[in-house]
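Here's the letter readout for the chains.
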Amino acid sequence: MTGLTKYFNNRIFLALICGLIVFTQTPALTACPFCSAPSLTLTEQLSQSDVAVLAQWSEAEKGTLEKAGKTVFEVKEIVRQSDKDKLKAGDQITINRHRPGKKGNLFLLLGTKGAEVDWGDPIEVTETSFHYISQAPAPEIKTSKRLKYFMKFLEYPDQMISNDAYAEFANAPYEDITPLSKEMPREKIRKWLIDPDTPVTRIGLYGLLLGLCGTGEDVSFMEKKINEPTKEFRLGIDGVISGYLLLTGADGLDKIDETKFVPKDVAFSETYAAMQALRFMWTYGDGRIDKERLRKSMQLLLDRPELTDLVVADLARWDDWSVIDRLMDMYGTGDYDIPSIKRAIVRYLLVASKGKNKKGTGPDAATTEKAKKLLDKLRKEDPKTVKSAERFFFLK
């Protein structure tokens, strides 16, 4: 496989992963960094409804070309309604669409008020899941306090409950998860991480949680998990690596360098996952690993052309101007003679040429002048790339 073919194969993979991130981790800056598919939770749906009732399925009629289907429910319990509403136990509610079921099946019906109640899709529940929903703390309560309730239901046997409890964590900001570290079920989390029945979408969260609540006894356990031989993409391994770095600090990062960054035969997805963990530690690590040490690990990835443009962008954001000469040596040579890499280097120089920003970060005066001269040089030697890089470049 040629270097260029390998580059494009890995970029296709990366595009798919980035697409997944865009659609499943919104909002990226506030939700759990390694939790996939945050969704509107049951308590959020309940809080947004004007009317909510527990009802039993009574009968249903399929629609035809001439008329819509319908489903009839019998109200068993009023969960929420305004003073003007007059629903009571025993009343019937007819929804103008067909919802299959069996007589006596329980459903949570949520509606919004207009001229009349507009009922949403019925949510089938059991007595257990209904009590879970009705007893859950409201979204208005402080998130860290709410999560104490939902933590008890992670991996609960009822799938609706466990999915929803996970979604509550997936939607929660990382800073609201960390206060729970002393109350996290450490032994259970360890088991969930190696249990083949644990949904892979939850591995990232559980890896992060173990990093928050783990002890020295968990280090070798996490290393074994991280270093499992694989050529396949492992969803959530970035969260496990991040948890490991929270637990081990710079000593753990030395081992990540040795196993994920330096070897050239490591699967691209594994290296990218470890790169994501570096980004996590930079943003959320709270000094657990010195930032200069994080920069050194990121610099190692300049040797991976399939990642170089992303690495260069990170180094610019991280105010690492020590690689400016190395980047110019790379520019347009061998496996680095790729438009996206060249544009990334130009943008690195554009950032460097602006000097200190309003926050007081950025390069010193000497580096700024050097960047300006290098940009002038590239404008003469490769004007097309510089113009392309500048076209969609906006520096705040």
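All of these numbers come straight from a predicted model, not from anything done at the bench.

The rules behind each value
- Residues numbered from 1 in each chain as written.
- Predicted model: local features only at pLDDT ≥ 70, side-chain atom pairs only at ≥ 80, totals over all residues.
- Heavy atoms only, no water.
- Helix = DSSP H or I, 4+ residues; strand = E, 2+ residues; numbered from the N terminus.
- Buried < 20%, exposed > 50% of the residue type's maximum accessible area, 1.4 Å probe, protein only.
- Pairing = 2+ DSSP bridges.
- Contact = heavy atoms within 4.5 Å.
- Arc of directions from axis to C-beta.
- Axes fitted to C-alpha atoms, helices over the stretch in contact; angles between N-to-C directions.
- Parallel < 35°, antiparallel > 145°, perpendicular 65-115°, else oblique.
- Nonpolar A, V, L, I, M, F, W, Y, C, P; charged D, E, K, R; others polar.
- Phe/Tyr/Trp six-rings, centres within 6.5 Å; stacked < 30°, edge-to-face > 60°.
- Polar contact = N/O pair within 3.5 Å; in protein donor to acceptor, adjacent residues only side chain to side chain.
- Domains from an automatic or database assignment.

## Topic: unusual backbone geometry
Consideration 1: A positive phi angle, near 55°, is found at Asp286, a position not held by glycine.
Consideration 2: Mapped onto the fold, Asp286 is located in the loop between helix 12 (268-284) and helix 13 (291-300).
Consideration 3: Exposure remark for Asp286: the relative accessible area of 75% places this residue in the exposed category.
Consideration 4: Phi at Asp319 takes a positive value of approximately 55°, unusual for a residue other than glycine.
Consideration 5: Relative to the helices and strands, Asp319 is located in the loop between helix 14 (308-317) and helix 15 (324-330).

## What to know about the pairing of strand 1 (residues 51-61)
Consideration 1: In terms of strand pairing, strand 1 meets strand 4 (residues 106-113) through six bridges, oriented antiparallel. Paired with Ala55 across the two strands is Phe107, which belongs to strand 4.
Consideration 2: One ladder, built from nine bridges, connects strand 1 with strand 2 (residues 70-80); its direction is antiparallel. Along strand 2, the bridge assignment pairs Glu59 with Val72.

## Focus on the environment of Asp218
Consideration 1: Here Asp218 shows up in the loop between helix 8 (203-213) and helix 9 (219-226).
Consideration 2: Linking Asp218 and Thr248, residues 30 residues apart in sequence, is a C-alpha distance of 9.9 Å.
Consideration 3: Here Asp218 is in contact with Arg186, Arg190, Leu210 and Leu247, once residues within four sequence places are set aside.

## Side note on helix 3 (residues 127-135)
Consideration 1: Inspection of helix 3 places Ser129, Phe130, Tyr132 and Ile133 among the buried residues, and these make up the whole buried set. What you see down the axis of helix 3 is that its buried residues fit within an arc of 160°, all on one side. In helix 3, those exposed residues whose orientation departs by more than 90 degrees from the buried face are Glu127 and Gln135.

## Concerning the packing of helix 14 against helix 16 (residues 339-353)
Consideration 1: Remark: helix 14 packs on helix 16, axes separated minimally by 8 Å, with the N-to-C direction vectors making an angle of 10°. For the element pair helix 14 / helix 16, the angle class is roughly parallel. Contacts from Thr308, Asp309, Val312, Leu315 and Ala316 in helix 14 reach Ser340, Ile341, Ala344, Ile345, Tyr348 and Val351 in helix 16.
Consideration 2: Per-class residue counts for the contact of helix 14 with helix 16 are eight nonpolar, two polar and one charged.

## Comments concerning the packing of aromatic side chains
Consideration 1: Counting across every chain of the model gives 15 aromatic pairs.
Consideration 2: Between the aromatic rings of Tyr149 and Phe150, the centroid separation amounts to 5.2 Å while the plane-to-plane angle is 85°, which identifies the pairing as edge-to-face. We note that Tyr149, like Phe150, is buried.
Consideration 3: Here Tyr174 and Phe280 contribute two aromatic rings whose centre-to-centre distance is 5.1 Å and whose plane-to-plane angle is 85°, an arrangement assigned as edge-to-face. One end of the pair, Tyr174, is in helix 6 (residues 174-177); the other, Phe280, is in helix 12, with 106 residues separating them in the sequence.

## Focus on the side chain of Asp382
Consideration 1: Inspection of the secondary structure assignment puts Asp382 in the loop between helix 17 (365-381) and helix 18 (383-391).
Consideration 2: Given the relative accessible area of 15%, Asp382 is considered buried.
Consideration 3: One polar contact links Asp382 to Thr385, side chain to side chain, over a distance of 2.8 Å.
Consideration 4: Once residues within four sequence positions are removed from consideration, Asp382 is found in contact with Tyr331 and Lys342.

## Let's talk about the packing of helix 11 (residues 250-261) against helix 13
Consideration 1: For the pair helix 11 and helix 13, the least separation of the axes is 11 Å and the interaxial angle reads 0°. It follows from the interaxial angle that helix 11 and helix 13 lie roughly parallel. Residues Ala250, Leu253, Asp254, Asp257 and Phe261 of helix 11 form the contact with helix 13, whose participating residues are Arg293, Leu294, Ser297 and Leu300.
Consideration 2: The residue makeup of the contact of helix 11 with helix 13, split by class, is five nonpolar, one polar and three charged.

## Focus on the domain arrangement of the chain
Consideration 1: Taken domain by domain, the chain holds domain 1 (42-126) and domain 2 (304-395).
Consideration 2: Measuring from the centre of the C-alpha atoms in domain 1 to the corresponding centre in domain 2 gives 59 Å.

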